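Chain residues, written in single-letter form:
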Amino acid sequence: MFAVPDNTLLRPENPALRHPVRVALEVAADRGRWANLLRYDPDERFSALVERGAGQEVWLLSWLPGQHTDLHDHEFSTGAFTVVSGRLTETVARRSPDGRAVTEVHALAAGQSRVFGPGYVHEVRNDGPDPAISVHVYRDGPRAMRPYHLDPLGGPVRD
C-alpha cells in the first residue's frame, strides 16, 4: 500500500506514444467504432477512414477472396495493420546487403499484426476462400502508396 499526495495529477496518455499495433488492436476490438463503415466491393478492396487525429490515421479495409494490393511502400509513413477476421498474406520484398532480391511471405490470421516503416515494400492479399477485414494505422504522414515492381535479381524497384 502506498499514499498518493493530494496534489498529484493524472496526465492523459499521449496517443503519439502508443505503439501502432496497440492502436490497431484496440480499434479492431471495438467494432462499434467501424461496423457502420464496413462494405464489400466486388470490384476492388474497400477502405474507409475510421478516424484521424493525434498525428495518425486509422483505416478499415475489407478484402474479398482474390483482392490484393500491388507491391508498394507507404512513403514516409510508419504504422501497422491487424487482421480483424479472415486471413491475409503479406509478401515483403527487399534487397539483401549483398544485393540479392529477398521475399518473405507472412500468413496472417485474425488477431495478428505487422508493422511497417519508410521504405518497407510489401503487398497484401486475400488468398483465402472467405472475406477478410483489417485495421491499418498510419503515422508520420497520410495513407499513401508508392508503386514498385520486383526485379527477380535485384529486388524491389520503384515505378
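Here the residue index of a chain counts from 1 through its sequence in written order. Local features in this predicted model are restricted to residues whose pLDDT is 70 or higher, and side-chain atom pairs enter the listing and the counts only when it is 80 or higher, whereas totals over whole chains, interfaces and linings include all residues. Calculated side-chain values reflect all of the structure's heavy atoms, with hydrogen atoms and water omitted.

Taking an unreviewed UniProt entry as the reference, the protein is identified by name as Cysteine dioxygenase family protein belonging to Amycolatopsis carbonis. UniProt positions are given in the numbering used here, feature names are shortened, and annotations may be inferred rather than shown by experiment. According to the UniProt record, the Sequence similarities (unreviewed entry) comment for the protein is "Belongs to the cysteine dioxygenase family."

**Concerning unusual backbone geometry**
Backbone geometry at Glu75 places phi at a positive 50°, although glycine is not the residue there. Helix and strand assignments follow DSSP, with helices taken as H or I runs no shorter than four residues and strands as E runs no shorter than two, numbered in order from the N terminus. Take Glu75: it is sitting in the loop between strand E3 (72-73) and strand E4 (78-85).

**Let's talk about the sheet that holds E4**
One requirement defines pairing of two strands: DSSP has to find at least two bridges between them. Strands sit in the order E1-E2-E9-E4-E7 across an open sheet of five strands; the sheet is antiparallel. Either end of the sheet is taken by a strand with one partner, and the two such strands are strand E1 (46-53) and strand E7 (113-116). Going from strand to strand, the sheet's axes swing by 20° on average, the running direction of each strand aside. As defined by bridge partners, strand E2 (residues 56-63) adjoins strand E9 (residues 132-139) across eight bridges and the pair is classed as antiparallel. The partner of Leu61 across the bridge, within E9, is Ser134. Only C-alpha atoms enter the line fits that serve as axes; for helices the fit covers just the stretch in contact. Angles between N-to-C directions range over 0 to 180 degrees.

**Considerations on the pairing of E4**
The classification of residues rests on relative accessible area computed with a 1.4 Å probe and restricted to protein chains. Under 20% of the type maximum is buried, over 50% is exposed, and intermediate values are partly exposed. The element E4 is extensively covered by neighbouring structure, given that six of its eight residues are classed as buried. The pairing of E4 with E9 spans seven bridges and is classified as antiparallel. Opposite Thr82, over in E9, you have Val135 as the bridge partner. Alignment of E4 against E7, held across four bridges, turns out to be antiparallel. Across the sheet, the residue bridging to Ala80 is Val115, located in E7.

**Some details on helix H1 (residues 20-29)**
Of all the residues in H1, the buried ones are Pro20, Val21, Val23, Ala24, Val27 and Ala28. Looking straight down H1, one finds that the buried residues subtend no more than 160° of arc, so they occupy a single side. Contacts made by the buried residues of H1 are with E1, E2, E4, E7 and E9. In this context, the arc is that of the directions from the helix axis out to the C-beta atoms. Contact criterion: two residues are considered in contact whenever any of their non-hydrogen atoms come within 4.5 Å of each other.

**As for the side chain of Arg146**
For Arg146, the location among the structural elements is in strand E10 (residues 146-151). Look past the residues within four positions of Arg146 in its chain and what remains in contact with it is Leu71, His72, Asp73, Glu75 and Arg158.

**A look at the packing of aromatic side chains**
A ring pair, where both rings are aromatic, is described by two values, the distance of the centres and the angle of the planes. Each pair of aromatic rings taken from Phe, Tyr and Trp, with Trp reduced to its six-membered ring, is defined by centres within 6.5 Å and is described as stacked if the planes are under 30 degrees apart, edge-to-face if over 60, and tilted in the remaining cases. For the coordinates displayed, the defined rule picks out one aromatic pair. Arranged with centres 5.6 Å apart and planes meeting at 50°, the rings of Phe116 and Tyr138 form a pair that is tilted. Taken as a pair, Phe116 in strand E7 and Tyr138 in strand E9 lie far apart in primary sequence, 22 residues in all. Taking NZ or CZ as reference, Arg146 lies 5.9 Å from the ring centre of Phe76, over its face. In this scheme, Lys NZ or Arg CZ marks a charge over a ring once it lies within 6 Å of the ring centre and within 35 degrees of the ring normal.

**With respect to the UniProt feature "binding site: Fe cation" (unreviewed entry) in the protein**
Residues annotated by UniProt as "binding site: Fe cation" (unreviewed entry) correspond here to His72, His74 and His122. Taken along the chain, the residues just named run across 51 residues; in space they keep tight, none of their C-alpha pairs more than 9.4 Å apart. Note on placement: His74 falls in the loop between E3 and E4. Residue classification places His74 among the buried residues on the basis of a relative accessible area of 3%. Ignoring sequence-local partners within four residues, the contact set of His74 consists of Phe116, Tyr120, His122, Tyr138, Ala144 and Met145.

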